[in-house]
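Take a look at the letters that make up each chain.
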Amino acid sequence: QVQLVESGGGLVQAGGSLGLSCAASGGVLKIGAMAWYRQAPGKQRELVARITGGLATNYADSVKGRFTISRDNAKNTMYLEMNNLQPEDTAVYYCNAGGVLTFTRGYSELWGQGTLVTVST
């Protein structure tokens, strides 16, 4: 079964740091762009950061300078390092992978199950 598995969410105080990871498994041959999204209570899901297969990155203005997205193509894994977290960063964080190539499914897009990040004051 092809899937994305996230880990690393939790509770942190304002000004603290957390790291998230997202691993693709299930016979994945290749992955295109990957991204982190988040959805706060009562709000729409928004793009946090995106990284291409060639490691080009872009960030939402609200996280620039605080968050760093990276990936290890050999491990089919993406990371999000979050520093100087603020209460407004509280949300469920989802990973997304496009252009996921497998023997059984060809190309598809995948979403992770989401991991909760809570930042307290």
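Small disclaimer: the values here were computed from a predicted structure and weren't measured.

Reading guide: rules and limits
Residues numbered from 1 in each chain as written. Predicted model: local features only at pLDDT ≥ 70, side-chain atom pairs only at ≥ 80, totals over all residues. Heavy atoms only, no water. Phe/Tyr/Trp six-rings, centres within 6.5 Å; stacked < 30°, edge-to-face > 60°. Helix = DSSP H or I, 4+ residues; strand = E, 2+ residues; numbered from the N terminus. Buried < 20%, exposed > 50% of the residue type's maximum accessible area, 1.4 Å probe, protein only. Lys NZ or Arg CZ within 6 Å of the ring centre and 35° of its normal. Disulfide = S-S within 2.5 Å.

Peer 1: Describe the packing of aromatic side chains, listing the residues and the values that go with them.
Peer 2: Under the criterion given, the structure shown has one aromatic pair. Ring geometry for Y37 versus W111: centroids 5.0 Å apart, planes at 55 degrees, classification tilted. Of this pair, Y37 sits in strand β5 (residues 34–39) while W111 sits in strand β11 (residues 106–111); the two residues are 74 residues apart in sequence, bridging distant segments of the chain. On the accessibility criterion, Y37 (22% relative accessible area) is partly exposed. Across from the ring centre of Y94, 3.8 Å away, lies the NZ or CZ of R45, which sits over that ring. Over the ring of W111 we find R45; its NZ or CZ atom is 4.8 Å from the centre of that ring.

Peer 1: Quick rundown of the state of the cysteines? Include the residues and the values.
Peer 2: Enumeration according to the criterion identifies one disulfide in this entry. In this model, C22 is linked to C95 through a disulfide, with the two sulfur atoms separated by 2.2 Å. Measuring handedness by torsion sign, the sulfur bridge of C22 and C95 sits at about 60 degrees and is right-handed. Of this pair, C22 sits in strand β3 (residues 18–25) while C95 sits in strand β10 (residues 91–102), and the two are 73 residues apart along the sequence. With respect to class, C22 is no different from C95; both count as buried.

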